[in-house]
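One-letter residues, chain by chain:
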Amino acid sequence: MNDLFSFDDLLSRQILDAGHDKPARLAVIGHPVAHSSSPGMHQPALDALGIEARYIKVDVPPGHVAEAFSRMKALGFIGCNVTVPHKFEALAACDHVHEEARSLGAVNTIRFDENGLHGFNTDGPGFVRAVAEDFGFPLSSFSVVIAGAGGGAGQAIATQCALQGVPRLVLVNRSLDKLGPLTERLRALGPTTDVSAMSFEDAELDAACLGCDLIVNTTSVGLKPDDGSPLPGHCLRSGLCVYDTIYRPAVTPLLAASKLAGARTANGLSLLLHQGVLAFQHWFPQTDPLAVMRRALHHSSEGAG
Ligand code: ATR
């Protein structure tokens, strides 16, 4: 079944719904977006709850996000998810931005209603749930190193760490220049958090990793088959928790090296799941889609290999 549409397709409900029983009323927009796992977990939840709606993917070119939203609203959509690279453009297009999304500086969930466009961010809160579930301790209790803190995902997770008031936060990025303004912003957001920034070549990196309880990889290193680990093996040790936001492959070189060193590991599937559940609940409050979404996601990730 083809559930991938273009920006132009948003002009016509006939195009979106031809050959389908249920109308498209939810979507994920991105560029590219064909690879998105979101329909695979939202559609089973909609079906299980008996909601007459399809969840589709729409490829929207940069610069057209606000127009995509107004077309979806005109077609009677309930809401949508927003993925790379549109999370910043989405925030600017909202009529009402939820406080968490404002702090994170990005929007990944939209709800349409009679008062306009409401923007939320469920990536940060989803990460809080993922860490608690995977490692059994609240995020606020961890001293954290974020590898790739200058990227979109890294900035969101770093911001959530500051909001949670983690004791220590070390931002690591290949290009140091991306960390200056972020560091200042995080210090203001989380005055009790000790925030520092460094590159992967910094002599202090080993000590920073040894002094932390949780390492989070938000770089894209590990996605490609010939990638290595973004961090050297001697940064890893028994007792450490290592979270890789990548979930395909399920075991990245970083996670393999972490397991070998005796660290506890988790991949980005739990973040994908929990941000999805929280988004669904912004559209359908009082529902509990966790179990069905978890089942669907694990089923499809096993199939994807
Ligand atoms: P986003 O769109 O989320 O910003 P991205 O541009 O793919 O995603 O970058 C994600 C992160 O991966 C960034 O922190 C990036 O580092 P730079 O800010 O220096 O570009 C990091 N990254 C990508 N390739 C990398 C590599 N080979 N080594 C280290 N970090 C890398």
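Rules used in this analysis
- Residues numbered from 1 in each chain as written.
- Predicted model: local features only at pLDDT ≥ 70, side-chain atom pairs only at ≥ 80, totals over all residues.
- Heavy atoms only, no water.
- Domains from an automatic or database assignment.
- Contact = heavy atoms within 4.5 Å.
- Buried area = accessible area lost by both parts, 1.4 Å probe.
- Salt bridge = Lys/Arg side-chain N within 4 Å of Asp/Glu carboxyl O.
- Polar contact = N/O pair within 3.5 Å; in protein donor to acceptor, adjacent residues only side chain to side chain.
- Nonpolar A, V, L, I, M, F, W, Y, C, P; charged D, E, K, R; others polar.
- Near = heavy atom within 4 Å.
- Areas by Shrake-Rupley, 256 points an atom, 1.4 Å probe, with all protein chains shown as cover.
- Pairing = 2+ DSSP bridges.
- Helix = DSSP H or I, 4+ residues; strand = E, 2+ residues; numbered from the N terminus.
- Axes fitted to C-alpha atoms, helices over the stretch in contact; angles between N-to-C directions.
- Buried < 20%, exposed > 50% of the residue type's maximum accessible area, 1.4 Å probe, protein only.
- Arc of directions from axis to C-beta.

**Q** Which parts of the structure should I look at to understand the domain arrangement of the protein chain?
**A** Much of the literature gives interface size as the accessible area that the parts lose upon coming together. According to the domain assignment, the protein chain contains domain 1 (4-121) and domain 2 (124-269). On a C-alpha basis, the centroid separation for the pair domain 1 and domain 2 is 29 Å. Contacts between the two partners involve six residues from domain 1, matched on the other side by ten residues from domain 2. When domain 1 packs against domain 2, close to 640 Å² is buried across both sides, 50% of that on carbon and sulfur atoms. At the boundary of domain 1 with domain 2, the tally comes to zero salt bridges. There are five residue pairs in polar contact (both at pLDDT 80 or more) connecting domain 1 and domain 2. The class makeup of the residues in the side of domain 1 that touches domain 2 is one nonpolar, four polar and one charged.

**Q** How should I be thinking about the site of the ligand in this particular structure?
**A** Taken together, the neighbourhood of the ligand is formed by 13 residues, with Gly152, Asn173, Arg174, Ser175 and Lys178 sitting nearest. At 2.7 Å from an oxygen atom of the ligand is found a side-chain nitrogen or oxygen belonging to Asn173. Within the side chain of Arg174, a nitrogen or oxygen atom sits 2.9 Å from an oxygen atom of the ligand. Taken by itself the ligand offers 630 Å² of open surface, and the protein chains cover 65% of this.

**Q** What am I meant to see in the sheet that holds strand S1 (residues 4-6) here?
**A** Hydrogen bonds between backbone groups are what pair the strands of a sheet, and the pairing can be parallel or antiparallel. Pairing is mixed in the open sheet, where seven strands are placed in the order S1-S3-S2-S4-S6-S7-S5. Either end of the sheet is taken by a strand with one partner, and the two such strands are S1 and strand S5 (96-97). Alignment of strand S4 (residues 79-82) against strand S6 (residues 109-113), held across three bridges, turns out to be antiparallel. Following the sheet pairing, Asn81 is matched in S6 by Thr109. Sheet strands touched by helix H3 (residues 65-74): strand S2 (24-30), S4, S6 and strand S7 (116-120). Its angle to S6, the strand with the most contacts, is close to 45°. Packing against the sheet, helix H11 (residues 269-283) makes contact with S2, strand S3 (54-59), S4, S6 and S7, and its axis sits at approximately 10° to S6.

**Q** Looking at this model, I keep getting lost on the environment of Leu278. Mind explaining?
**A** Position of Leu278 among the secondary structure elements: in helix H11. For Leu278, a relative accessible area of 13% corresponds to the buried category. Note: C-alpha distance between Leu278 and Leu169 (109 residues apart in sequence) is 25 Å. Aside from chain neighbours lying at most four places away, what touches Leu278 is Thr122, Pro125, Gly126 and Arg129.

**Q** How do you make sense of the side chain of Ser36 when you look at a structure like this?
**A** Inspection of the secondary structure puts Ser36 in the loop between S2 and helix H2 (38-48). Classification of Ser36 as buried rests on a relative accessible area of 15%. Leave out the neighbours within four places in its chain, and Ser36 touches Val28 and Lys57.

**Q** Explanation requested: helix H8 (residues 180-189) in the structure shown.
**A** Since the α-helix turns once every 3.6 residues, residues separated by three or four places project in the same direction. Along H8, the positions that sit buried rather than exposed are Leu182, Thr183 and Leu186. All buried residues of H8 lie within an arc of 100° about the axis, which places them on one face of the element. In H8, those exposed residues whose orientation departs by more than 90 degrees from the buried face are Pro181 and Ala188. Contact partners of the buried residues in H8: helix H7 (152-164), strand S9 (168-172) and strand S10 (194-198).

**Q** I would appreciate a short explanation of the pattern of salt bridges in the present structure.
**A** If the charged atoms of two oppositely charged side chains come close together, the side chains can form a pair. Evaluation of the coordinates by the stated rule reveals nine salt bridges. The salt bridge partner of Glu184 is Arg187, with a shortest N-O separation of 3.3 Å. Residue Glu184 and its partner Arg187 are located together in helix H8, separated by three residues, close to a single helical turn. What makes Glu184 partly exposed here is its relative accessible area of 49%.

**Q** So what exactly am I meant to see when it comes to the environment of Val131 here?
**A** As for its placement among the helices and strands, Val131 is situated in helix H6 (residues 123-135). A C-alpha to C-alpha distance of 9.9 Å links Val131 and Phe142, two positions eleven residues apart in sequence. The residues touching Val131, leaving out its near neighbours within four places in the chain, are Gly136, Phe137, Leu139, Phe142 and Leu214.

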